[in-house]
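Spelled out from the first residue to the last, the chains are:
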Amino acid sequence: MGRGRAKAKQVKVARQLKYNSGGTDLDRLRDELGVGDSSRNDDADDRNDELADRYADYADDYGADDEDRPSGRR
């Protein structure tokens, strides 16, 4: 018989989540996700720069002006 109270509480919580849209703290969410934190983004930028430099060598070796490379079209 205790199922009715539990279900009523679940319905109440579900309605609060559905209709109460003003409780989102965007600054807290931004902090949790690490968006806007320059220390975390610097590491990612460094890794991206390293990858870009590494693959730039391949672009030089296999550039668009390389006529020996098959184009894939016939």
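Residues numbered from 1 in each chain as written. Predicted model: local features only at pLDDT ≥ 70, side-chain atom pairs only at ≥ 80, totals over all residues. Heavy atoms only, no water.

The protein has the name DUF3073 domain-containing protein in an unreviewed UniProt entry, where Nonomuraea coxensis DSM 45129 is given as its organism.

Caption draft 1: Spatial organisation of a negative patch on the surface. On the surface, a cluster of negative charge is contributed by Asp 45, Asp 46, Asp 49, Glu 50, Asp 53, Asp 57, Asp 60 and Asp 61. Inspection of the secondary structure assignment puts Asp 45 in helix H3 (residues 38–61). Among the residues examined, Asp 45 registers a relative accessible area of 41% and is labelled partly exposed. (Patch = residues over 30% accessible without salt bridge, like charges linked within 9 Å, V, L, I, M, F, W, Y side chains within 5 Å. Areas by Shrake-Rupley, 256 points an atom, 1.4 Å probe, with all protein chains shown as cover. Salt bridge = Lys/Arg side-chain N within 4 Å of Asp/Glu carboxyl O. Lys, Arg positive; Asp, Glu negative; His and termini not counted. Charge placed at Lys NZ, Arg CZ, Asp CG, Glu CD. Helix = DSSP H or I, 4+ residues; strand = E, 2+ residues; numbered from the N terminus. Buried < 20%, exposed > 50% of the residue type's maximum accessible area, 1.4 Å probe, protein only.)

Caption draft 2: Spatial organisation of the confidence of the model for the protein. In this model, the protein carries a mean pLDDT of 77, and residues with pLDDT of at least 70 account for 70%. Here H3 stands out as the element of the protein with the lowest mean pLDDT, 75, in contrast to helix H1 (residues 3–19), whose mean of 90 is the highest. (pLDDT = per-residue confidence, 0-100.)

Caption draft 3: Expanded view of H1. Relative to the 24 Å expected for 17 residues at 1.5 Å per residue, H1 spans 24 Å between its end C-alpha atoms, a close match to the ideal helical length. The buried count for H1 comes to zero of 17 residues, which makes it a mostly uncovered element. (Expected span 1.5 Å × (residues − 1).)

Caption draft 4: Quick look at helix H2 (residues 26–33). For H2, the buried fraction is low: zero of the eight residues fall into the buried class. Gly 34 occupies a position one or two residues after H2 and carries a positive phi of about 80°.

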